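Residues per chain are reported as follows:
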Amino acid sequence: MPFIATGSSLQLTRDETKALKALPAVTQITAKRALQGSTADLARLVDFIPIDSASRFCCLVPIFHATLKSVQVPNYINPKTIPGIIRAKLSLFGLVRISSIAASTTGVKDDAVTKYIVRSWDEIYPWMQFFARNCLPPPYDVSVTPPRPDLCSVFDAAKLCITPLSLICTESEEGRHMLRSSVSVQHFVAQLWIFVGNIKGDVLPGGPGTSTDGLISQLRASFALTNYVCVSESEDPDKITLPLSNYIHAAGGVKPVVFTLLRYIRRITRDAAAVEEPRSWTPRDQSVQQLHLYTLGLDYSFQFLQTICRQDASCRAQLIRKGSICTVVNTITQILPRILVQANKELDFHPEMGLAGRQKVLWSGYSYIASAIRDADDGVTAVCQAIDAGLLQTLEKGVVCPPHANPRDNPIRGRMGDIELLFLLPTFFIYNKVVKSILRHWLRVQSAPREKRETRDKALGATVQMVIKSTVEAMEHLNVQPFNFYEYRCSGPGCPTRTSQFISKKRRCSGCLISIYCSDKCQRTAWRNGHKKWCQVLRCTVGPWGSRDIRTSLRVIAGFETSEISRMAKDVETRVRQAQQQFPAFSNKLVLVLDMTVYLSGIHVLPVHKLDQFPGEDPIWPEIADEIRARSDSPPRGYMFSVVKVHMGKSKFTLFSPSTALRMAFEGQYFSDGEECDSVNEDEIDDLKTLGNQDLDYDSKSLDDKCYDV
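Calculation criteria
- Residues numbered from 1 in each chain as written.
- Predicted model: local features only at pLDDT ≥ 70, side-chain atom pairs only at ≥ 80, totals over all residues.
- Heavy atoms only, no water.
- Phe/Tyr/Trp six-rings, centres within 6.5 Å; stacked < 30°, edge-to-face > 60°.
- Buried < 20%, exposed > 50% of the residue type's maximum accessible area, 1.4 Å probe, protein only.
- Axes fitted to C-alpha atoms, helices over the stretch in contact; angles between N-to-C directions.
- Helix = DSSP H or I, 4+ residues; strand = E, 2+ residues; numbered from the N terminus.
- Parallel < 35°, antiparallel > 145°, perpendicular 65-115°, else oblique.
- Left-handed = near helix turned anticlockwise from the far one by under 90°.
- Contact = heavy atoms within 4.5 Å.
- Salt bridge = Lys/Arg side-chain N within 4 Å of Asp/Glu carboxyl O.
- Pairing = 2+ DSSP bridges.
- Nonpolar A, V, L, I, M, F, W, Y, C, P; charged D, E, K, R; others polar.
- Polar contact = N/O pair within 3.5 Å; in protein donor to acceptor, adjacent residues only side chain to side chain.
- Expected span 1.5 Å × (residues − 1).
- Arc of directions from axis to C-beta.
- pLDDT = per-residue confidence, 0-100.

A word on the packing of aromatic side chains. Describing an aromatic ring pair means giving the distance of the ring centres and the angle of the ring planes. One pass over the structure, following the stated rule, counts 17 aromatic pairs. With 6.2 Å between their ring centres and 40° between their planes, Phe428 and Tyr431 make a pair best called tilted. Considered together, Phe428 and Tyr431 belong to a single accessibility category, that of buried residues.

With that out of the way, let us pick up the packing of helix H8 (residues 154-171) against helix H10 (residues 183-197). Two elements in contact, H8 and H10, have axes separated by 11 Å at closest approach and are oriented at 130°. Comparing the axis directions of H8 and H10 gives the class oblique. H8 and H10 meet at a crossing whose hand is left-handed. Where H8 abuts H10, its residues Val154, Ala158, Cys161, Ile162 and Leu165 lie against Phe188, Val189, Leu192, Phe195 and Val196.

Take the pattern of salt bridges next. A complete count under the given rule lists 19 salt bridges for this structure. Across the salt bridge formed by Arg270 and Asp271, the nearest N and O atoms sit 3.5 Å from each other. Exposure remark for Arg270: the relative accessible area of 41% places this residue in the partly exposed category. Look at Asp271 and you get buried, because its relative accessible area is 9%. One salt bridge in this structure joins Asp348 and Arg358, with 3.1 Å as the shortest N-O distance. On the criterion of sequence distance, the pair formed by Asp348 in helix H17 (residues 345-348) and Arg358 in helix H18 (residues 355-375) is long-range, its members being ten residues apart. One connected set of salt bridges, linked through shared partners, spans Lys533, Glu623, Glu627 and Arg631.

Take the pairing of strand E6 (residues 652-656) next. Extensive coverage of E6 is indicated by the burial of four of its five residues. Across five bridges, the pairing between strand E5 (residues 642-647) and E6 is antiparallel. Of the residues in E6, the one forming a bridge with Val646 is Phe653.

With that settled, consider the environment of Val185. Checked against the element boundaries, Val185 lands in helix H10. Through-space distance from the C-alpha of Val185 to that of Cys230 is 8.9 Å; in sequence the pair is 45 residues apart. Residues within four places of Val185 in sequence aside, it is in contact with Trp121, Tyr125 and Leu179.

This next bit is on the packing of helix H11 (residues 215-231) against helix H14 (residues 286-311). Where H11 contacts H14, the axes come no closer than 8 Å and their chain directions differ by 30°. What the angle tells us is that H11 and H14 run roughly parallel. Every pair of crossing elements has a handedness; the one defined by H11 and H14 is left-handed. Contact residues: Ser217, Gln218, Ala221, Ser222, Ala224, Leu225, Asn227, Tyr228 and Val231 in H11; Gln290, Leu293, Tyr294, Gly297, Tyr300, Ser301, Gln303, Phe304, Thr307 and Gln311 in H14. In terms of residue class, the contact of H11 with H14 is built from nine nonpolar, ten polar and no charged.

Across the sheet, four strands lie side by side as E4-E3-E5-E6; this open sheet has mixed pairing. The sheet is open, and its two borders are formed by strand E4 (602-607) and E6, each paired with just one other strand. Adjacent strand axes in the sheet meet at a mean angle of 30° when their direction is disregarded.

What follows covers the pairing of strand E3 (residues 590-595). Summarising burial for E3: six of the six residues are buried, a large majority. Because side chains alternate across E3, one face comprises the buried residues Leu590, Leu592 and Leu594, and the other comprises Val591, Val593 and Asp595, equally buried. Bridging between E3 and E4 involves six bridges; their strand directions are antiparallel. Paired with Leu590 across the strands is Pro607, a residue of E4.

Once that is clear, we can look at the side chain of Thr282. Tracing the chain through its elements places Thr282 in the loop between helix H13 (254-273) and H14. Residue class for Thr282 comes out buried when judged on its relative accessible area of 13%. Within the local environment of Thr282, its side chain forms a polar contact with the side chain of Ser280, the two groups lying 3.0 Å apart.

Side chains that are three or four residues apart share a direction in an α-helix, a result of its 3.6 residues per turn. Here helix H28 (residues 620-631) contains twelve residues, and its C-alpha end-to-end distance of 17 Å stays within 8% of the 16 Å for a straight helix at 1.5 Å per residue. When we look at burial in H28, the residues that qualify are Ile620, Trp621, Ile624, Ala625, Glu627 and Ile628. The buried residues of H28 occupy one face: seen down the axis, they fall within an arc of 165°. Against the buried residues of H28 lie helix H24 (520-542), E6 and helix H29 (658-665).

Turning our eyes to something else, we now look at the confidence of the model for the chain. Considering every residue of the chain, the mean pLDDT works out to 82; 85% of them sit at 70 or more. In this model residues 402-415 is a low-confidence stretch, pLDDT under 50, and it forms 34 contacts with partners more than four residues away in sequence or in other chains. Confidence drops under pLDDT 50 across residues 670-710; counting only partners more than four residues distant or on other chains, this segment forms 80 contacts.

Looking now at unusual backbone geometry. Cis peptide bonds are those with omega within 30 degrees of zero, and the linkage from Tyr599 to Leu600 qualifies with 5°. Counting through the fold element by element, Leu600 comes out in the loop between E3 and E4.

Positionally, Ser99 belongs in helix H5 (residues 82-105). For Ser99, a relative accessible area of 0% puts it in the buried group. In this structure, Ser99 is in contact with Val113, Tyr116, Ile117 and Leu167, ignoring residues within four places of it in sequence.

Written out as structure tokens, the structure is:
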């Protein structure tokens, strides 16, 4: 006969009653009294659940479900409703305890959480909302006392609200889809995420331990997965996923999301750095388990960063503005020596805690930096932030795993986040602002003690060596004199006036955005003496937007352009012959395209009218090509002129050859008097002199010492 609670509607089926008989007699009696409404016996029933054999006590789950169904979530809290609230709290604790232990001990993880929590979500979720509303402080001010802390402590309420969500994210595919598709649940998760992120101490009121137990730190790290699942794409493309805007709105807008996410990353990093050095480096070591938890928390936080940056432009811009790249670089710098450790065969090849899993968090961080730079509206500033934060030095440290008592070969590499990032950075070395950051990097390297590293990651070591050589080449192009002469001297023919000597406000040509004049007279004279023809050409040299980053970097771009075309001279001849055969009708209108948006630079030859973002249909180009051939000592062979493709992140531009434009438009104006630009008393030049005059040891011998033998 089934268990029936006297005076109530609680009852179990015959099969559920039969399963209870497998339990000890004391437990059966306690279960019967719990069904009859005894709160004390329901509490004893929860305490009966052992940690090592929870699967045997899974037959208690129907009792907890029946109790939740029998108690309605009250609209008001009064003495009559408090007993029902306590029974609901105990039932939730019982379900969470059985589900978490069963998921970790049984072979079928998805089955336990899905059956016990997800498929009873309509009974469980309203009570989670009730305890969050009445027993947790407001998300944005955790110092405020909750409305009813007497019903449930803050620690227990947080556990009741967060643990079911964490179990769903780790163990149940059906539950993950529910999180992605429910507006109410996403709002609930977002509020909990803000709450956990704003906890300042390491102990919640009502918690069982002290700050040394790290319960809040573990809660923070584990909740990163829940947060990521809510905004990630579904495993099944046919299932609905809510837009990211719903989650951002639930969290209070873009700024709260950005601040909370960066705070999560910084605090998890702090917790990981504070973990004691493992004694045994085995999967059973407590320090190893803590490092694994914090590593997972950082990995999911980095993936969350990538997701919101990819889906929301305002979040991407706000994150870069608030220093997300610096935060990620600092995080990788701090945790790299803690996790990139070759220990032993048991740990290094562990499916979850192994070296490949630990390296994955580094590659996730590098992948975010690469995606943030590549998709940014101002990728130049993003690259400067990364280099100034020490990214190049951090990447160099990744070539080696510190030696261990039981050394072994490095496991196979996973995703190539670091390689991807290293191949992206040199495409920004053409900008003046980035090269200054490179100079500061070399100054830090010079002041830091040299470390002899053994290269074990051959692919990363070879790529680092290539990038280091590119930094040296960029500094050489930056130091070419006179530097940005068109920015510090009047462009009027024969006018020696420097910008620091201008009596009135300097006049910049509104057409080309490059030439500046000390007076209207100089501007009119320059227009009549050839600027009328080259004005449009110079404008094509700075791109359609007239970006200041491009305008101030033309000498560096010109240096790279000249060196790259010289390096690929044979390839240029081959490409020209192929283009002449492919486009016979336009053989006299071919243009050499130097693609500097990729590393290493690529070469293409196309008809001028087929260029992207370039006014190729304009009839001025044949005339310009004739003048280039007439005035150049080594005119182009087989093509009219060259163009350079550059990018500043998301935006790409096709620029007329800076080396040709500057030489032709300003020939004879700045090189006849033998003066150098060092005497220009401008702030930017002073900054450059301060860096450039240092004794930087980046000659070939020093570079060989700095690079790695591969």
